[in-house]
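Geometric and topological summary
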Amino acid sequence: MLTLLHVKSEYSLGQGTPTPSELVRCAADHGYSALALTDVETLAGQIEFHHAARAAGIRAITGLELRDGFGPGELGRTHGRLILLARDLAGYASLCRIVTRRRAGTPCNNLDDCLAESPTGLFYLSDDTSLLSALQRAGVDAADLRRLLPPDERSPVSTFRAVADPDVVMLDRHDRELQRVLVAIRQQRPLADIAPAGAGGRTMPDPRTLRASFADDPAAADESSHLAEACTLDLTAVRAALPRWRGPHGESPEEHMHALARDRLQAGRAAGRWRDPAYDTRLAEELAVVGELGFFGYFAIVCEITDEARRRGIDVAARGSAASSLLAHVLGITPIDPLAHGLHFQRFLHAGRRELPDIDLDLPSNRRDALIEWVLGRFGAERAARVSTMQRLARRSAARELARALGLPLGDDIDDDDRLPAALRSPAHQDLLARLIGKPHHLSVHPGGIVVAEPHLLALAPLERVPSGMIVTQYDMRSLARLGLVKIDLLGNRALSALADARRFAGDENLAPADDPRTLQLVRTVDTLGCFQIESPPVRATLSKLPIDGVDDVMAALAVVRPGPASGGARAAYIRRARGEEPALAQHPRLQSVLRASRGMMIYDEDVTASIAAMTGWSLEQADAARATLVEAEPADLAPLQRRFIAAAGRTGIAGADALAVWDTAVRFAAYSFNKAHAAGYAHLAWQVAAMKAHHPAAFACGVLDHYGGHYPLRTIAADLARHGVRLLAPTVTHANVHTTLAPDGVRVGLGHVKHLTRAAMRQIVHARPFSDLAALLRAVPLGARELRALVLCGACDDLAPLSADAYPIAHEELLAHLERDRDPAALADFVARAPAGPAADLYRRLVRVRNELTVLHMHLSDHPLRILRDEARRAGCITAREVSGRAGRQIRVAGLIAASRRHRDGHGRTMQFVTLEDETGLVEAVVAADVYAALGDPIRNPGPVMLTGRAVVDRGHAHVDVSQVLPFHRRPRPFADLARG
């Protein structure tokens, strides 16, 4: 049977168009029994390729194409290229070493780089007979050498056997224009300069066409099948060995983990924790499962990492289902006590699971890299590396690349089709754009992924140096997991960074007991801006309607607020049950006890598992496997499991109709249920951050301002801090550090918030001060024009003569203009600051300062814009955000800045908009219904300020505005009519 031995996928950047899976499907449709993937200088698609081929019943052949001159923006030279095919696992390891030498080292040429790695288990194919001769002279067996023969060419006389070379880069003729665009993007050349592929070539031929194209040399076609039969490598059967690990005294991982778990359990009990005998039983059960699966080495590695993090003073916590493990909790890997929250170990690990568990660790974002470097050093470059991620073209980047290839200008805002250049809106270009989206663009570094291998990484995974200079695996996380390699995510978490800084300033490390009344009050009143996970409008709305008595209620809010429960009515039902507005009855009496904590509803993954177990009598392991099938399988494939479920329920005495009703509910909820362990981890961290805000708002401000990465713009967080009595001080060059710090009279915002100011300039400012005047600053620190302008306009130089706060902004603008003409600091000697007076000048000063603060610092420190404009807002008939809840059912108008906005499709597919409006008194939510949105024509596109008119609605204490009209604030009637003229 004929075989295609020279085929490229989309991982051959700028050349191949199909995914590995698409190649397999096309080959299967054509009737091929084997297929080789030979991407240029990368093995990145091989794992996906092998798994797709196995599912399709096709033999996958791993290969690699080496091209001299291949690199960023360059496709490399095709003549003299070398195609390598792996016969077996040794050949695969040879490919990993060769491509690593070329992509992570300093490449020389095809021949030398290949031979330098002492390869074995390979076939060598080339269109250059001199290269093949050189390989033979170097000791490569002639039986492993083949000369590539293109279609419709007769094989010349040669000592090397010919093999058919169709060189496939596309599936069919419909890919030709896409392939040209990918070449243009890779080479950064105009599309007009890219020649199209030949009229018949480089697409995947069917076997009959392939045979016909080698009619003059049928032996070359037959040779492809001979090579395919000799290639036996199956990467789907490869399972990496767990890394070797020995304890500090040479003990085995099992011995070490048993002893460590026992010691830490006793230490916890001495501190008053884990007293119940249930902890002994659960821990023994978990240790037995981990031992049966042989995963003690993995736990030992993760425990060693978390211990090292704490030794360095770095907060660390496992994310996700690992919180279900008491062993992980006792070892200090997760702070969540699974028994306290009713978490099932089987959701994380059970004896029927053979793949490695996935323990992802959250770390402060600003401390993560240091721990990653320690891990890499601990296991060594031969065994550990960072993991890659393939950066793919999103809609915006795809449009930019296509426009560049076509020579079209493209603005910044391309979210909507009507903002694309007219040429890109043609059907042909819209099709091209749609096909570009999702295509690989370049390899990058996974934010926190690390892989550890045994005995050495290059036996299983190739490496590559990315543009940042870091060396990463060519495989992504999913491919590494399929090989069975130990992968660990050390994930940066801004909330942990903020919490660590806040604790340092507060001097309070143990702040957040579950029954703390101040934290409880803050969460009950949804005063949670700046608090991890519990600050977004949907979560705040849910929390405001629920009775909150502790962390478990926050967990439930995080689960029911997700899109699935919200759209399916589960959130509303849960709120009614929690408030006692409807009975909290489970669907079947058998479920009442297992769903008591979740008000008789399935809101977590664990609820679905427990319900299946309760109805059928299955173990939790069996029930969780069934739940996983509900999530992963197509609905049409669930019939066998449904029959098993109903039959098992029948054997426990449950009627078929009742069992079917519960089955239908489980199927519906499993599609969007939330991992309870994940919710517990999020709620635990949210509670800690909320406690810091409740007890130490100034210290909280220091952390959150420097590390905020949440739902709102920084100006909204700063305004909320000001409402809590935190005085935010401008980042002056005379007092501010690089980071935000506590000051005797408030919180001093750090120089790191000043736009355009480099780290080097910040350090020089801090090192060189004090400054006698502005000229002294300019002499001591070589500031660029943009840096100086930013510092002056945000008020950072107000206490350096000749500037002053009273002279803002006239003097500041004149001084900058003066320095544009003459940058010599001596030129400031005769500069005189002008300070206009009067109500109009004062209003102008306040408004311009706020505008410049927003531009330079992304937050307003001197005042809130709506406080400055409050008289104007009152004159226009606007009430404050705080007053909306007292006007239920009435028509109102409210003015403010847009703190958050999201568009949403309603049940009829129409666009509506949810808006969070902010003024000096707080936030209020607003809803622009679909008919209003359409009538007003997408009325809210910028931060405002805007005036919203509509009806005030209060639902269970939560207020919002149903909007009927939107007006920019500057279009209010008679602006500044009462301003006294000076």
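Refer to the structure above for everything that follows.
An account of the accompanying structure is given in this report. (Residues numbered from 1 in each chain as written. Predicted model: local features only at pLDDT ≥ 70, side-chain atom pairs only at ≥ 80, totals over all residues. Heavy atoms only, no water.)

**Some thoughts on the packing of aromatic side chains**
Going by this rule: In this scheme Phe, Tyr and Trp rings, the latter by its six-membered ring, pair at centre separations within 6.5 Å, and the angle between planes marks the pair as stacked below 30 degrees, edge-to-face above 60, and tilted otherwise. Buried residues are those whose accessible area, probed at 1.4 Å on protein chains only, stays under 20% of the maximum for their type, while exposed residues exceed 50% and partly exposed ones sit between those limits. In DSSP terms, a helix is any run of H or I states spanning at least four residues, a strand is any run of E spanning at least two, and both are numbered starting from the N terminus. By the criterion adopted, a ring carries a charge over it if an Arg CZ or a Lys NZ lies within 6 Å of its centre and within 35 degrees of its normal.
In total, this model carries six aromatic pairs according to the counting rule given. Between the aromatic rings of tyrosine 298 and phenylalanine 299, the centroid separation amounts to 6.4 Å while the plane-to-plane angle is 90°, which identifies the pairing as edge-to-face. Of the residues examined, phenylalanine 299 reaches a relative accessible area of 0% and is grouped as buried. Each ring, one from phenylalanine 299 and one from phenylalanine 348, has its centre 6.3 Å from the other, and the planes form 85°; the classification is edge-to-face. Of this pair, phenylalanine 299 sits in helix α11 (residues 296-311) while phenylalanine 348 sits in the loop between α12 (326-331) and β10 (360-364); the two residues are 49 residues apart in sequence, bridging distant segments of the chain. Classification of phenylalanine 348 by relative accessible area gives buried; the value is 0%. Three or more aromatic residues joined by ring pairs make a cluster, and in this case those are Tyr298, Phe299, Phe345 and Phe348. Here the basic side chain of arginine 504 rests over the ring of phenylalanine 505, its NZ or CZ set 4.7 Å away from the ring centre.

**Thoughts on the sheet that holds strand β22 (residues 946-955)**
Quick note on the threshold: Strands qualify as paired when DSSP identifies two bridges or more between them. Orientation is described by lines fitted to C-alpha atoms, with helices fitted over the stretch in contact, and by angles between N-to-C directions that extend from 0 to 180 degrees. By definition in these notes, contact holds between two residues if any of their heavy atoms fall within 4.5 Å.
Read once around its circumference, the closed barrel built from five strands follows the order β19-β20-β21-β23-β22, with strand pairing classed as mixed. Ignoring strand direction, the axes of neighbouring strands in this sheet form an average angle of 50°. Strand direction decides the pairing type here: strand β20 (residues 911-919) and strand β21 (residues 922-928), joined by seven bridges, are antiparallel. Bridging from a neighbouring strand, leucine 917 pairs with valine 924 of β21. Sitting on the sheet, helix α29 (residues 714-723) touches β19 (891-905), β20 and β21, and the angle it makes with β20 is about 40°.

**Considering the pattern of salt bridges**
Here is the rule we go by: Every case where a carboxyl oxygen of Asp or Glu lies within 4 Å of a side-chain nitrogen of Lys or Arg is listed as a salt bridge.
The tally for this structure, following the rule as stated, stands at 67 salt bridges. Note that arginine 102 and glutamate 41 form a salt bridge whose closest N and O atoms lie 2.7 Å from each other. Linking arginine 102 in helix α3 (residues 89-104) with glutamate 41 in the loop between β1 (34-37) and α2 (46-56), this pair joins segments that are 61 residues apart in sequence. Take arginine 102: its relative accessible area is 5%, and that puts it in the buried class. Here glutamate 582 and arginine 576 are joined by a salt bridge, their closest N and O atoms 2.8 Å apart. Classification of arginine 576 as partly exposed rests on a relative accessible area of 29%.

**A word on the sheet that holds strand β16 (residues 728-729)**
The three strands are arranged β16-β18-β17 in an open sheet whose pairing can be described as mixed. The sheet is open, and its two edges are formed by β16 and β17 (741-743), each paired on a single side. Across three bridges, β17 lies against strand β18 (residues 746-748) in antiparallel orientation. If you follow alanine 743 over to β18, its bridge partner there is glycine 746. Lying over the sheet, helix α28 (residues 697-707) contacts β16, β17 and β18, oriented at roughly 145° with respect to β17.

**Describing the packing of helix α14 (residues 395-406) against helix α15 (residues 427-436)**
In a pair of packed helices, the angle between the axes and the distance between the axes together describe the arrangement. What counts is decided by this rule: Just so you know how the angles are binned, under 35 degrees is roughly parallel, over 145 roughly antiparallel, 65 to 115 roughly perpendicular, and the rest oblique. Each crossing gets its hand from how the near helix is turned against the far one by less than a right angle, where anticlockwise is left-handed and clockwise is right-handed. Residue type decides the class: Asp, Glu, Lys and Arg count as charged, Ala, Val, Leu, Ile, Met, Phe, Trp, Tyr, Cys and Pro as nonpolar, and the leftover types, Gly among them, as polar.
Relative orientation of the contacting elements α14 and α15 amounts to 130°, with a least axis distance of 9 Å. In terms of orientation, α14 and α15 fall into the oblique class. Once α14 is placed against α15, the crossing between them reads as right-handed. Mapping the contact onto sequence places Arg395, Ala398, Ala399, Leu402 and Leu406 in α14 and His429, Leu432, Leu433 and Leu436 in α15. A per-class count over the contact of α14 with α15 returns seven nonpolar, one polar and one charged.

**Re the environment of alanine 573**
Looking at the element boundaries, alanine 573 is found in helix α22 (residues 570-578). Sequence spacing of alanine 573 and arginine 599 is 26 residues, and the spatial spacing of their C-alpha atoms is 9.6 Å. Those residues in contact with alanine 573 that sit more than four places away from it in its chain are Glu582 and Met601.

**Details of the side chain of serine 324**
Mapped onto the elements, serine 324 comes out in the loop between β9 (317-319) and α12. Using a relative accessible area of 0% as the deciding quantity, one classes serine 324 as buried.

**Things to note about unusual backbone geometry**
Here the residue pair alanine 801 and proline 802 is connected by a cis peptide bond, since its omega of 15° sits within 30 degrees of zero. Its location among the elements puts proline 802 in the loop between α32 (785-793) and α33 (810-821). Cis geometry is found at the peptide bond from glycine 944 to proline 945, where omega equals 15°. Among the structural elements, proline 945 can be located in the loop between α37 (930-936) and β22. Unusually for a residue other than glycine, arginine 599 sits at a positive phi of about 60°. Mapped onto the secondary structure, arginine 599 falls in the loop between α22 and α23 (605-616). With a phi angle near 65°, histidine 858 is a residue other than glycine that sits in the positive phi range.

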